[in-house]
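Here is how the chains run, residue by residue.
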Protein chains: 2
Amino acid sequence: MAKGGNDSKDPLPGGGWQAPWKELFEGCSSEALNMIARAKSDGRKVRAGQEIFGPGRRPGGVCLLDDGWVSLYSLLPDGRRQILHFALPGAVLDFGPVLRANAAYGAQALTDAVVSLLPQEALDGLSRSHPEVGLRLAQVMSSDRSLSYDHLTSVGRRSARERVAHLLLELFVRARAQWPCHRVAELNLPLTQAHIGEATALTGVHVNRVLRELRNDGIVGFHYRRLTILDPDRLIDVSGIDPQLAVGWGKPDAIDE
Amino acid sequence: MAKGGNDSKDPLPGGGWQAPWKELFEGCSSEALNMIARAKSDGRKVRAGQEIFGPGRRPGGVCLLDDGWVSLYSLLPDGRRQILHFALPGAVLDFGPVLRANAAYGAQALTDAVVSLLPQEALDGLSRSHPEVGLRLAQVMSSDRSLSYDHLTSVGRRSARERVAHLLLELFVRARAQWPCHRVAELNLPLTQAHIGEATALTGVHVNRVLRELRNDGIVGFHYRRLTILDPDRLIDVSGIDPQLAVGWGKPDAIDE
DNA sequence: CGACCTATTGAAGGCGTTCAAGTCCAGTGG
DNA sequence: CCACTGGACTTGAACGCCTTCAATAGGTCG
């Protein structure tokens, strides 16, 4: 298993590792899960930094992230780069059959990662015999859409300080939901400040300045890939999240217990 | 039928009007379409400017846009507003069952509009008897995700000039795909410059300046809700779209024939 | 004709960028 | 153990795109 967001990679003491794609298809019948297990390709191992698929090149089928961190990004002709999403295990990196192939994005591994492919035909057959699979995928895609809307709001309307705070909080909450064993307010993120800049549409230089401020203010620290939540309440405040909504977000009110 | 993006609202001379949600479920069996027609609520009429659902308030089920233009937007606690998407007839405004309710967005009618609701239970049953429906919805949600990624790239990395050009081109292409009867390089958009600003994360004032530039340069004009493509090739160029990708986008190379 | 929204244009200011030095840290090989 | 090396981080100063504030013109509908 690749180096994930936390230190002990094995939540289940018995060594049993819950395959992330089973969480993805949570709620589907065990028979369906078996069919998926048979239909999906064996995990392709990718080294940290490697490209999984390039902008424009679509793998044929549903591309699943089995392990590791991956960034989805888009590239403008002149080289400008925008990180669209930090994908965690269980994410759908690409959903093959696109209607009008408008946006073309690529996927790059941030850590050593494992990806697998569920071919188009397999998905069609699977969906016929187990209809809940298709609906579940629609839910997941809808959830991704919402998260993307959230990023768009951040990049469009929030200040640099708010953007960085918001991203760190989001990553913290998502990573903790993925690996719930750790309760401490610390986390290893496989990111550089430049990555944060590419995701928030800021320069690495400015991200650095903002991080210094946030650390000096005792809100959140990020030093050499280690994230530390110093003051959860003020972090939520700075992030510009409606406190009411923070609950649905998985408000980290118990992170330092 | 509400005032749409073009002047003659009735593409089919016989008066037959293809219900947009049938395009949404394109590829599904006619039996499935009949079931959908029965299950979905009668279209609720909404006046221009009215709110369809507010940020946070989710309608229970799949919310479909039957007619008119609608903007999806998010609202920050202090009132800052970001338009996330301009929805056209056939769009899924909201896909009820969300996993982790992260982003909360609202929907507001730009023109008089008609929306209907496909209740959760109906969707579950429908998906069981007609599995292609779930998969189709997953495709549509995935396509929405891609489009949102495209907007994120625009707001994050493109200059004001590029952003405005890109948005106008996108709206032109999407509207023309929706109402293919018109071949002229003109289109009525039910938008103000302030709307364009809220979508591109610019002030209305600056949008105005950019529009003047683009008009003076003979690239694209937008005056009192009427969009005119003056130079398609240079518009594509300014938009910062990879020309190769513009093809998949539905390159408007025949707009002035 | 008057009220109101939308569009237009100018001037000043700010947030983040760009450019350019540095410093810190981990890994490598002597 | 220590010098060497390269990537990531840090900090300062000047610049620029876009914002903000403010005032005017234009178009539409009662």
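The structure presented is a predicted model; accordingly, all values stated were derived computationally and were not measured. All chains use their own residue numbering, which begins from 1 and follows the written sequence. The naming scheme follows written order: chains are lettered A onward, ligands numbered 1 onward. Local features in this predicted model are restricted to residues of pLDDT 70 or higher, and side-chain atom pairs are both shown and tallied only at a pLDDT of 80 or more, whereas totals for entire chains, interfaces and linings draw on every residue. Only hydrogens and water are set aside; all other atoms, that is, all heavy atoms of the structure, feed into the side-chain values.

A word on the relation of the copies chain A and chain B. The copies are overlaid by a least-squares fit using only the C-alpha atoms of residues whose pLDDT is at least 70 in both copies. Each copy superposes on the other: chain A lies on chain B with an RMSD of 0.0 Å after a rotation of 180 degrees and an axial shift of 0.0 Å. Such a combination of turn and shift is consistent with a two-fold rotation axis. For chain A, the smallest separation between a C-alpha atom and the rotation axis is recorded for A138 of chain A, amounting to 1.8 Å. The contact rule is simple, with two residues in contact once any of their heavy atoms fall within 4.5 Å. Interface overlap between copies: 100% of the residues of chain A at the interface are likewise at the interface in chain B, consistent with a symmetric, same-surface contact.

What follows covers the interface of chain A and chain B. Buried accessible area, meaning the area lost when the parts come together, often serves as the stated size of an interface. In this assembly, 66 residues from chain A lie in contact with 66 residues from chain B. As used here, buried area is the combined drop in accessible area, with a 1.4 Å probe, of two parts when they are placed together. Between chain A and chain B, roughly 5600 Å² of surface is buried when both sides are summed, and carbon and sulfur atoms account for 62% of that area. Salt bridge, as applied in this entry: a Lys or Arg side-chain nitrogen positioned within 4 Å of an Asp or Glu carboxyl oxygen. Where chain A touches chain B, the interface holds 4 salt bridges. In this structure, the salt-bridge partner of D144 of chain A is R145 of chain B, at a minimum N-O distance of 2.7 Å. As used in this structure description, the phrase polar contact means that two N or O atoms lie within 3.5 Å; if the pair is within protein, one of them must be able to donate a hydrogen and the other to accept it, and residues adjacent in sequence are counted only when both atoms belong to side chains. Counting across the chain A and chain B interface gives 24 residue pairs in polar contact (both at pLDDT 80 or more). A run of H or I in DSSP becomes a helix once it reaches four residues, and a run of E becomes a strand once it reaches two; helices and strands are each numbered from the N terminus. Residue assignment for the side of chain A that touches chain B shows that the elements contributing at least two residues are β4 (70–75), β5 (81–87), β6 (92–95), α3 (120–129), α4 (132–157), α5 (160–178), α6 (193–200) and α9 (243–248) of chain A. Examining the composition of the side of chain A that touches chain B, we find that 23 residues originate from one element, α4 of chain A, more than from any other. The nonpolar class holds Ala, Val, Leu, Ile, Met, Phe, Trp, Tyr, Cys and Pro. Asp, Glu, Lys and Arg form the charged class, and all remaining residues, Gly among them, are polar. Its residues assigned to classes, the side of chain A that touches chain B comprises 31 nonpolar, 18 polar and 17 charged.

This part is about the protein's contact with DNA strand C. Think of it this way: one heavy atom of a residue within 4 Å of a molecule or strand is enough to make that residue near it. The full set close to DNA strand C counts 18 residues, and A160 of chain A together with Q193, N208, R212 and H223 of chain B are the nearest of them. In the model, a phosphate oxygen of DNA strand C is placed 2.7 Å from a nitrogen or oxygen of the Q193 of chain B side chain. H223 of chain B places a side-chain nitrogen or oxygen 3.2 Å from a phosphate oxygen of DNA strand C. Those elements giving two or more residues to the surface near DNA strand C turn out to be α7 (204–216) of chain A together with α7 (204–216) of chain B. Residue contributions to the surface near DNA strand C peak at 4 residues, all from α7 of chain B. Tallied by class, the residues present in the surface near DNA strand C amount to 7 nonpolar, 7 polar and 4 charged.

So, about the sheet that holds strand β10 (residues 220–223) of chain A. Residue and element names in this part refer to chain A. If you walk across this open sheet you meet the 3 strands as β9-β11-β10, and the pairing is antiparallel. Each edge of the sheet is formed by a strand with only one pairing partner; in this case those strands are β9 (186–188) and β10. The average angle at which neighbouring strand axes cross in this sheet is 15 degrees, direction not considered. Two strands make a pair as long as DSSP finds a minimum of two bridges between them. Pairing of β10 with strand β11 (residues 226–229) involves 4 bridges; the strand directions are antiparallel. By the bridge assignment for β11, V220 is matched with I229. Axis angles are defined between N-to-C directions and span 0 to 180 degrees, where every axis is a line fitted to C-alpha atoms and, for a helix, only to the segment in contact.

What follows concerns the protein's contact with DNA strand D. Q193, N208, R212 and H223 of chain A together with A160 of chain B are the nearest of the 19 residues found near DNA strand D. In the interface set of DNA strand D, defined as its atoms within 4 Å of the protein, sugar plus phosphate atoms amount to 74%. Interatomic distance of 2.7 Å between a side-chain N/O atom of R212 of chain A and a phosphate oxygen of DNA strand D. Those elements that provide at least two residues to the surface near DNA strand D are α7 of chain A together with α7 of chain B. Counting residues per element, the surface near DNA strand D draws most heavily on α7 of chain A, at 5 residues. Broken down by class, the residue content of the surface near DNA strand D amounts to 7 nonpolar, 7 polar and 5 charged.

The next thing to look at is the confidence of the model for chain A. Residues and elements named next belong to chain A. Looking at any residue, its pLDDT shows the predictor's confidence there, from 0 to 100. Overall, the predicted model of chain A reaches an average pLDDT of 86, with 84% of residues at or above 70. Here residues 1–14 scores under 50 on pLDDT; set against residues more than four positions off or in separate chains, the count is 31 contacts. Below pLDDT 50 for its whole length, residues 252–257 participates in 14 contacts with residues either more than four positions away or in separate chains.

Turning our eyes to something else, we now look at the side chain of T111 of chain A. You can see T111 of chain A is positioned in the loop between β7 (106–109) and β8 (113–118). Within polar-contact distance, the side chain of T111 of chain A engages the backbone nitrogen of W69 of chain A at 3.0 Å.

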